[in-house]
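Architecture at a glance
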Amino acid sequence: MENDMSRKSALVTGAAGFIGHHLVKYLVRKGYDVRGADIKPPAFEASPASDFAICDLRDFDNCRAVTADVEEIYHLAADMGGIGYISGSHATIAINNTLINAHMIQAAKKNNAKRFLFSSSACIYPLYLQTKPDVTPLREEDAWPAQPEEGYGLEKLFMEKLCQYFHEDYGMETRSVRFHNVYGPLGTYDGGREKAPAAICRKIALAQDGDTIEIWGDGQQTRSFMYVDDCVEGIFRIMQSDHAAPLNLGTDELVTVDQLVDTVAAIAGKRVGKAHDVSKPQGVRGRNSDNTRLREVLGWEPTMMVRDGLVPTYAWIEAQVRAEAPMPHAIAAE
Ligand code: NAD
Ligand code: GDD
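Residues numbered from 1 in each chain as written. Chains lettered and ligands numbered in written order. Predicted model: local features only at pLDDT ≥ 70, side-chain atom pairs only at ≥ 80, totals over all residues. Heavy atoms only, no water.

1. Notes on unusual backbone geometry
Across residues other than glycine, the phi torsion is negative in most instances, and most of the peptide bonds are trans. The test is simple: Think of it this way: any DSSP run of H or I at least four residues long counts as a helix, any run of E at least two long counts as a strand, and we number them from the N terminus. Type-normalised accessible area, obtained with a 1.4 Å probe on protein chains alone, sets the label of each residue: buried when under 20%, exposed when over 50%, and partly exposed for intermediate values.
In this structure, the amide linkage connecting tryptophan 144 to the following residue, proline 145, adopts the cis form with an omega of 0°. Inspection of the secondary structure puts proline 145 in the loop between β5 (115-121) and α5 (152-170). A positive phi is found at aspartate 69, a non-glycine position, where the angle reads about 60°. Looking at the secondary structure, you find aspartate 69 in the loop between α2 (60-66) and β4 (72-75). Judged by relative accessible area, aspartate 69 falls into the exposed class, the value being 68%. Positive phi, normally seen in glycine, also occurs at asparagine 112, with a value near 55°. In this fold, asparagine 112 is placed in the loop between α4 (90-110) and β5.

As structure tokens, this is what we get:
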């Protein structure tokens, strides 16, 4: 870390990840002195953080080291992925995230951090409220009585409580932000952890005009999707607010998975058939964000429509896929 007392300092954990990397860029643009921490370096481009610690945040000593001498902690590191990953790895995810989160907030307290923001998830909301595609948007107070997603969602809900307790008992300025499905360039688009927007962009990028692609479920399940620029803007605004209780951060534009596919296909200029596979993981039937409280607290909410945010997202994923594809002459030579 540079030792310039006139600049605010921040730690971003999960700084090599999708949202963390965008957040580091945002904070650097704001003039922050940023330390990044992650178990690996960024996959697609170098981090502009002035200091980047490659370390395992399940280990308390590492958490203690990276939380030293920073004013604001944006804690995004987590073992996470789309519904295919989180529904198949309950034990691994629960143990990894329990260790990371408990050690991070304890280390932040020991180092007297002023502000601590935790990246929670819409997966904390009760499954019993998300059984229909035309779901009623989820309000913050709907979280209890609880029935979160197994593993990942339950652990996030417990960490929200730890943030509440550290705020009440120790006066730490904590924030818990419930992200709703985030997409954009520089996100995971293959390998098994990808979420629906990136997976569909990849499948369409790989398809020829007229091909049929596999879609998980019957395509009628619904979600709201938030563009990553809105996500980092919201994270920063919530950190600067005085609102310690959990807040939704998402859009309230409800779309079906089939509409998502049709939108990407139109952007790509390809006709694609859909082969629905109901044996694949589907998660909840419908999920949307109620932004009433977010608007009250911030006077702001995410605005990017899916049809607009998917344009740069598809362009980036299509470029990655094209760069990976073997050259036609290389295939011919084998
Ligand atoms: P991501 O997987 O791209 O980033 C998470 C980062 O955490 C990765 O770079 C990973 O290497 C790092 N990490 C994992 N285990 C670690 C460890 N033991 N030590 C150090 N670093 C470790 O995910 P993302 O989409 O950028 O998500 C960021 C945060 O937002 C996560 O907490 C996630 O649960 C939460 N969230 C994301 C979404 C979404 O749609 N992307 C939705 C809800 C919540
Ligand atoms: N991943 C994926 N891949 N999903 C697909 C695909 C595909 O090829 N085709 C259709 N889907 C459908 C899934 O079946 C699911 O019904 C829907 O698209 C959304 O899937 P995801 O984007 O993988 O996950 P999610 O919305 O259920 O949960 C995600 O968002 C949460 C926050 O809102 C996950 O990333 C969670 O980790 C996150 O917390």
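2. Overview of the site of ligand 1
Test applied: What makes a residue near a molecule or strand is one non-hydrogen atom of that residue sitting within 4 Å of it. Pairing of N or O atoms within 3.5 Å defines a polar contact, subject to two protein rules: one partner must be a possible hydrogen donor and the other a possible acceptor, and residues neighboring in sequence count only if both atoms are side-chain atoms. We get accessible surface area from the Shrake-Rupley algorithm with a probe of 1.4 Å; when it comes to residues, only the shown protein chains can shield them. Under the convention adopted here, Pro, Cys and the residues Ala, Val, Leu, Ile, Met, Phe, Trp and Tyr are nonpolar, Asp, Glu, Lys and Arg are charged, and Gly plus all remaining residues are polar.
In the vicinity of ligand 1 there are 26 residues, among which Ile19, Asp38, Tyr152, Lys156 and Val182 approach most closely. Separating an oxygen atom of ligand 1 from a side-chain N or O atom of lysine 195 is a distance of 3.3 Å. When ligand 1 sits alone it has 820 Å² of accessible area, and the protein chains cover 92% of it. Within the residue set of the shell around ligand 1, elements represented by two or more residues are α1 (18-29), β5 and α5. It is β5 that contributes the most residues to the shell around ligand 1, 3 residues altogether. Of the residues assigned to the shell around ligand 1, the class counts are 14 nonpolar, 6 polar and 6 charged.

3. Examining the environment of proline 48
Just so we agree on the cut-off: In this description, contact between two residues means that some pair of their heavy atoms is separated by no more than 4.5 Å.
Take proline 48: it is sitting in the loop between β2 (33-38) and β3 (51-54). Other than its neighbours up to four places away in sequence, proline 48 contacts His21, Val24, Lys25 and Val28.

4. A closer look at the UniProt feature "domain: NAD-dependent epimerase/dehydratase" (unreviewed entry) in the protein
For clarity, the threshold we go by: UniProt positions are given in the numbering used here, feature names are shortened, and annotations may be inferred rather than shown by experiment.
Mapped onto this structure's residue numbering, the UniProt feature "domain: NAD-dependent epimerase/dehydratase" (unreviewed entry) falls at residues 10-249. The span residues 10-249 is 36% helix and 20% strand, and its two end C-alpha atoms sit 21 Å from each other.

5. Some remarks on the site of ligand 2
We apply this condition: Domain delimitation follows an automatic or database domain assignment.
Taken together, 25 residues sit near ligand 2, with Gly81, Ser121, Lys203, Pro281 and Gln282 positioned nearest. Here an oxygen atom of ligand 2 and a side-chain polar atom of arginine 223 are 2.8 Å apart. In the model, an oxygen atom of ligand 2 is placed 2.7 Å from a nitrogen or oxygen of the proline 281 main chain. With the chains in place, 98% of the 720 Å² that ligand 2 exposes on its own is no longer accessible. Listed by contribution, the elements that provide at least two residues to the shell around ligand 2 are α3 (83-86), α6 (196-206) and β8 (212-216). A class-by-class count of the residues in the shell around ligand 2 yields 13 nonpolar, 7 polar and 5 charged. In this structure, the shell around ligand 2 is formed jointly by two domains, domain 1 (9-183 + 226-249) and domain 2 (196-223 + 253-288 + 305-324), each of which donates at least three residues.

6. Focus: the domain arrangement of the protein
Heads up, the rule is: Defined in terms of a 1.4 Å probe, buried area is the accessible area two parts forfeit on being brought together, summed over both. A pairing counts as a salt bridge when a side-chain nitrogen of Lys or Arg comes within 4 Å of a carboxyl oxygen of Asp or Glu.
Domain boundaries in the protein define domain 1 (9-183 + 226-249) and domain 2 (196-223 + 253-288 + 305-324). Its C-alpha centre places domain 1 at a distance of 26 Å from the equivalent point of domain 2. If you look at the interface, domain 1 gives 20 residues, while domain 2 gives 21 residues. Between domain 1 and domain 2, roughly 1600 Å² of surface is buried when both sides are summed, and carbon and sulfur atoms account for 65% of that area. Area buried by domain 1 at its contact with domain 2 is led by Gln130, Pro133 and Tyr183, which between them contribute 37% of it. Inspection of the region where domain 1 meets domain 2 yields 1 salt bridge. Note that glutamate 149 is salt-bridged to arginine 287, the shortest N-O span being 3.1 Å. Across the contact surface, domain 1 and domain 2 share 6 residue pairs in polar contact (both at pLDDT 80 or more).

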